[in-house]
Amino acid sequence: MIETENLGKSVTTADGLLHILASVNLIIKPGESIAIIGESGSGKSTLISLLAGLDTPSTGKIRINGQDITTMDEDGRAALRNQLIGFVFQAFQLLPALTALENVMLPLELNGDKQAKAKATALLDRVGLAHRLNHKAKQLSGGEQQRVALARAFVTQPALLFADEPTGNLDSKTGSHIIELLFEMNREHQTTLILVTHDKQLAERCQRSIRLAAGQLI
Amino acid sequence: MRHFSLALKLLWRDGRSGELSVLVLALIIAVSGSAGITLFADRLQNTMTNQAAEFLAADLVITSSAQIPESWLQQAQQQHLQQAQSVEFSSVLVENNSLLLASIKAVSAAYPLRGYLKTSAADYQQEAISYQGPKAGTAWVEQRVLASLNLKLGDTLTIGEQALLVQRVITYEPDKRGDFYSFSPRVMINQQDLQATGVIQPGSHVHYFFQFSGNPQALADFKQWLKPLLTPSQRLMDIHEDRPELGSALDRAERYLGLSSIVITLIAGVAIAMATRRYSERHLNATAILRCLGCKQQEILWLYSYQFIILGALASSLGCGLGWLAQDALFVMLKDLLPAQLASPSLLAVSFSFATGFMILLGFALPPLLRLKNVTALSVLRRDLQPLPVAAWLVYSLAASLVALLIWRYTQDLKMTLTLLGVGFVTLLGFAWLLGKLLWPLQQGLPKLSLVWRFGLQGLVREPPASVTQIMAFSLTLAAMILSFSVRNDLIADWQQHLPAQTPNYFALNLAPNQQEQFAQDLQSQNIDSNIFFPVTRGRLVTLNNTPVQQHVSKDSQGESATHRELSLTWSKELPEDNKIIAGQWLPSSPAGLVSVEAKLADSLGIKVGDELGFTVGSQQFSAKVNSLRSLQWDTMKPNFYMIFSPGTLAAFPSTLLTSFYADGQQKSALSALAKKYPSITLLEVDLILKQLQNLLSQLTLAINFLLCFALLAGFTVLFAAVLTTLDGRIYSGALMRTLGANSQFLRQIQIIEFAALGFISGVLAVCVSAAVLYGLYSQVLHMAYQPKWLLWAGVPPCATFIIGMAGYQGLRRVLSYAPAQVLREL
């Protein structure tokens, strides 16, 4: 379960303090799927980064399964991410020097998993890339890269999956394939899904939608 | 100029966002480093030349056996040159029933034009500096004169018909010359008293020295005007020709200054190249967008060139300022060791440094900029923004030819330039190729390693071209540093070897062969070790292949001076220490009738192996065939000979023996007893010359140490800056790995492993490159023996591993300081 309490984020700019998020109070239950929607610049990506522990808030608290992650240091949050959290990014974010297989194995290996190769191969097979295991990220198409990213996100069997506009960089046909795959795998792994999207149809597939405007929940 | 304002705006934005900080830092290091060293070198060189002039007591000296025409002196006056004169001759002095052959020197009021005299009241007590010689009616004498003639200060000394008051003891004379055979103790008097002594009569053997100093251009003009007018008995003197033992030390020091300039230029170039590579990679996106908006390739090139020209002007100005301060600080630190009057920094050197900044910047920055020009509009739409491959030769040949040009300008030494560049680049490229080949198989073995090692090494192994470039940059910087370091060590060791603590400070001449054994024993009883006894016969070289040798000489050459006087001819079975055969052969059992000739003299007279040389000893003639040419070290203070004959060749002629030895302060007093026991021998004390030489060398050593520090400091700064330029990719992959759960310890380990490996490989490569360049440099340019330096092999790779590993570790802080979300969002 994720709980936020009075969550806020502001940055200093040349024109003074800019509030990106303010007073966000939110509860996400286990197994729930949530779409965060809103216009560009409304603070969606910032919220998801904070919830996943990729950034630190300026005010407020975030609790994941009862643990306050705002009091943890970067290494503590990294360990938490490794155990609980999977990610899918708009720009795929694969390590370019690694092959598809190595990219998927990475989170397992960081955890010292001896079965990394077998598990990663199985997941890549599941996303239909058994024939692309040893291709480097650069040699894959956008759709293929996002499938590798999906496999990487699910390979640690995370309790939470964060997806930040996962189809934003793909054409509509490839995008809908990826979404199908995402929801299928989410069902199979019974993961809590938090999704940032502009796509109304995609949002409607989630159990609940929350809307952000100018950094606040409405 | 259409895009100038856009260029200015882009530059301003980049500057404000911190985008240019690495490039600007590299540029400032480059320019201030090269400006500092150029200015320092230029100023030190001028100071050293000035100081070298002290050894002549003037900038230019005409020696003559008679008065020179009045019109010459008038010409010098027209050129606004200062003038002084001294007259030297030998005279026998008689006081208190003792006889002494002294070397009298009568000096004019303006003597010395350069440098100073040192005198003391009593023996070496309260030394005082004086910029003028003795006043009329007085004489200054060396301590030996007082001892030999039983005189003390305040007594009267009679030279010829003139009685003079002995006023001071001379302890230092700038232009005391080390001609051992005319070396008798000095008595210095005022020129006004010369006439009254009545010693100089028509036909007397007298040396006149006409000294000049002033503006370099006026001196050069005067020299040119004078040269055709000189008669065979007149000669122009110059420090390099006239004092070979000082000249060669100066030459080498000058070369070291040149080398340091090259080292700094190279290091600076590497820094700029690394920084612009990063700059161009980070500007691919913006360039592609400009291309999309209709910018032509040429316009893109101008847009960036304008920015670099502005940047270059600003950084060069700042660098020149900092360089100026740096060299000034150096001179302040060296104040006590350098002469009180320093040459002022030349504006030419400043403007040259400014231009150098530009040349380094454009030479190293242009190739990566050309890559920006080639970005296609399509690449932005496809988001395919990888840097376009550019033919490596274009990048490197441009930079290399620029470095060549700079090196040549700095050193004015084509041979040194070609040696450094040729050997360095061939080795570097050879190893780069080899490294590329070696990295590939390593890639195959990577999956077998543990996660930390795999990630640590993969940065190196996955993209060989990028790694090879990085390794080349590091090893070039390290090699440049090693080069500076080793040459400095060898140069100083070489000097110390020439002038060790117990360098002979006495020469004993005119020893009869039957006295040799007894004399050696007497020395031994005073705990003085004598060196080899060389037999000496005085003779003249008269013919070369049966033609008069005068036909083979050119004016003012070493050959001319050697054929105008008697030479010390010796014979030996063994090749003397420090002599090296460079042509022909040295045969221990050579038959009589062969001669080995000193190489520079041979070169000056055109003597080759197999030539027939004719000599006269007294009225007798003999000839010998040249069987070898020798090079020798003039700066060792040991007896050196132009001509060494095979044993037996000179058997028919009378000879005396010559040896040298070291005596310390206490042993010196015993020597006067020895001088009394062997009245025929001449004991020459060369302490003053030795002290002069040692002073000069210790000053040069200090200056060289500072230059080395400068080069090393620039090297280290550049190594750290270079690490910074490679951080972008690491910050990204670090953020991504942290997103996936990697902790900071893991990131720290992989970063250290990668940089340590980089350091180790660069260290090994740097030692290989520097060994090759050093070998070339020693054998071709510095003419010093090359010894393989095992300590470098053992020391440099671990040091490089540590230093570059630490630089990587330092850079890691930036990798860890970003929140992952921040990095991933920026992409």
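Residues numbered from 1 in each chain as written. Chains lettered and ligands numbered in written order. Predicted model: local features only at pLDDT ≥ 70, side-chain atom pairs only at ≥ 80, totals over all residues.

Here we take up the overall build of chain B. A count of helical and extended segments in chain B gives 25 helices and 22 strands. Intrachain contacts of chain B at a sequence separation of at least 6 include 85% that bridge at least 24 residues. (Helix = DSSP H or I, 4+ residues; strand = E, 2+ residues; numbered from the N terminus. Contact = placed C-beta atoms within 7 Å.)

What follows deals with the overall build of chain A. A count of helical and extended segments in chain A gives 7 helices and 10 strands. Going through the 218 residues of chain A one by one, you find that 46% of them count as buried. Look at the contacts in chain A between residues 6 or more apart in sequence, and 70% of them connect residues 24 or more apart. (Buried ≥ 20, exposed ≤ 12 C-beta atoms within 10 Å, placed from the backbone.)

All right, on to the sheet that holds strand S2 (residues 16-28) of chain A then. All names here are of chain A. Here 4 strands make up an open sheet; going across it, the order is S2-S1-S4-S5 and the pairing antiparallel. Pairing within the sheet leaves two strands with one partner each, and these edge strands are S2 and strand S5 (67-68). Summarising the sheet, strand S4 (residues 59-64) and S5 pair through 2 bridges and their orientation is antiparallel. Pairing of Ile 64 across the sheet is with Gln 67, part of S5. (Pairing = 2+ DSSP bridges.)

Listed as interface residues are 21 residues of chain B and, on the opposing side, 22 residues of chain A. No other element matches the 5 residues that helix H25 (residues 820-826) of chain B contributes to the side of chain B that touches chain A. Of the residues contributing to the side of chain B that touches chain A, the split by class is 10 nonpolar, 7 polar and 4 charged. (Nonpolar A, V, L, I, M, F, W, Y, C, P; charged D, E, K, R; others polar.)

What tends to happen in soluble globular proteins is that the nonpolar side chains get buried as a cluster. Counting residues in each nonpolar core, the largest one holds 176 residues, and the members touching the most others are Val 104 and Phe 162 of chain A together with Ile 267, Ala 271 and Ile 272 of chain B. The greatest single-element share of this core, amounting to 18 residues, is contributed by helix H23 (residues 744-782) of chain B. For Ile 267 of chain B, the residues in contact, after removing those within four places along its chain, are Thr 477, Ala 480, Ala 714, Gly 715 and Val 718 of chain B. Among the nonpolar cores identified, the runner-up in size contains 38 residues, and Ala 76, Val 145, Leu 146 and Val 169 of chain B belong to it. (Core = buried A, V, L, I, M, F, W, Y, C linked by C-beta atoms within 7 Å.)

Time to look at the confidence of the model for chain B. Residue and element names in this part refer to chain B. Across chain B, pLDDT averages 77, with 80% of residues at or above 70. The secondary-structure element of chain B with the lowest mean pLDDT is helix H7 (residues 239-242), recorded at 50, while strand S6 (residues 138-141) shows the highest, at 93. Below a pLDDT of 50 lies the segment residues 178-182, which in the model reaches 6 contacts outside its immediate sequence neighbourhood of four places, other chains included. (pLDDT = per-residue confidence, 0-100.)

Residue and element names in this part refer to chain A. Residues of helix H4 (residues 116-126) that are buried: Ala 116, Ala 120, Leu 123 and Leu 124. Viewed end-on, H4 has its buried residues packed into an arc of 100°, placing them on one side of the element. Against the buried residues of H4 lie helix H3 (100-110) and helix H5 (142-154). Just downstream of H4, Gly 128 is the residue with a positive phi angle, here 80°. (Arc of directions from axis to C-beta.)

Residue and element names in this part refer to chain A. Pairing in this open sheet of 6 strands is mixed, and the strands run S6-S7-S8-S3-S9-S10 from one edge to the other. Looking along the sheet, the strands with just one partner apiece sit at the ends: strand S6 (85-88) and strand S10 (216-217). Sheet topology places strand S3 (residues 33-38) next to strand S9 (residues 208-213); 5 bridges connect them, and they run parallel. Within S9, the position partnered with Ile 36 by the bridge is Ile 210. Helix-sheet contacts for H5 involve S6 and strand S7 (160-164), and the interaxial angle to S6 is about 170°. (Axes fitted to C-alpha atoms, helices over the stretch in contact; angles between N-to-C directions.)

Cis geometry is adopted by the peptide bond preceding Pro 112 of chain B, which originates at Tyr 111 of chain B and carries an omega value of -5°. Tracing the backbone through its elements, the reader meets Pro 112 of chain B in the loop between strand S3 (98-107) and strand S4 (117-120). With a phi angle near 45°, Glu 165 of chain A is a residue other than glycine that sits in the positive phi range. Among the secondary structure elements, Glu 165 of chain A is positioned in the loop between S7 and helix H6 (172-189).

Attention now goes to the environment of Ser 233 of chain B. Residue and element names in this part refer to chain B. For Ser 233, the location among the structural elements is in the loop between helix H6 (216-226) and strand S11 (235-237). For Ser 233, a count of 10 C-beta atoms within 10 Å gives the class exposed. C-alpha separation for the pair Ser 233 and Ser 65, spaced 168 residues apart in sequence, amounts to 6.4 Å. In this structure, Ser 233 is in contact with Ser 64 and Ser 65, ignoring residues within four places of it in sequence.

For helix H2 (residues 74-84) of chain A, the complete set of buried residues consists of Arg 77, Ala 78, Arg 81, Asn 82 and Leu 84 of chain A. Summarising the contacts, the buried residues of H2 of chain A are in contact with S4, S6, H3 and S7 of chain A together with helix H22 (727-739) of chain B.

Residues and elements named next belong to chain B. With respect to the helices and strands, the residue Ile 264 is situated in helix H8 (residues 244-282). Residue class for Ile 264 comes out buried when judged on the 31 C-beta atoms lying within 10 Å of it. Distance in space between the C-alpha atoms of Ile 264 and Thr 477 is 9.1 Å, their sequence separation being 213 residues.

It is worth spelling out the packing of H5 of chain A against H6 of chain A at this point. All names here are of chain A. Contact geometry for H5 and H6: axes closest at 10 Å, N-to-C directions at 10°. Of the possible angle classes, the one that applies to H5 and H6 is roughly parallel. Across from Gly 142, Gly 143, Gln 146, Arg 147, Leu 150 and Phe 154 in H5, the residues of H6 making contact are Thr 174, His 177, Ile 178, Leu 181, Leu 182, Met 185 and His 189. Considering only residue class, the contact of H5 with H6 consists of 6 nonpolar, 6 polar and 1 charged. (Parallel < 35°, antiparallel > 145°, perpendicular 65-115°, else oblique.)

Another aspect to go through is the confidence of the model for chain A. Taken over all residues, the pLDDT of chain A has a mean of 87, while the share at 70 or more is 100%. Averaged over each element, pLDDT in chain A is lowest for H6 of chain A (84) and highest for S4 of chain A (92).

On to the pairing of S3 of chain B. All names here are of chain B. Pairing between strand S2 (residues 82-95) and S3: 10 bridges, direction antiparallel. Directly across from Val 92, in S3, lies its bridge partner Leu 101. Connecting S2 to the next strand, S3, in antiparallel fashion are 2 residues, including Asn 96 with a positive phi near 50°. Of the pairings in the sheet, the one linking S3 to strand S9 (residues 186-190) comprises 5 bridges and is parallel in character. The residue of S9 that forms the bridge with Ser 103 is Arg 186.

Attention shifts here to the environment of Asp 125 of chain A. Within the fold, Asp 125 of chain A resides in helix H4. Sequence separation of Asp 125 of chain A and Ala 151 of chain A is 26 residues, and the distance between their C-alpha atoms is 9.0 Å.

Moving on, we come to the packing of H3 of chain A against H4 of chain A. All names here are of chain A. Two elements in contact, H3 and H4, have axes whose closest approach is 9 Å; the angle formed by their N-to-C orientations is 125°. By the criterion of interaxial angle, the relationship of H3 to H4 is oblique. When the axes of H3 and H4 are compared, the crossing they make is right-handed. Every residue of H4 that contacts H3 at Ala 100, Leu 101, Val 104, Met 105, Leu 108 and Glu 109 is listed here: Ala 116, Lys 117, Lys 119, Ala 120, Thr 121, Leu 123 and Leu 124. Residue composition of the contact of H3 with H4, by class: 9 nonpolar, 1 polar and 3 charged. (Left-handed = near helix turned anticlockwise from the far one by under 90°.)

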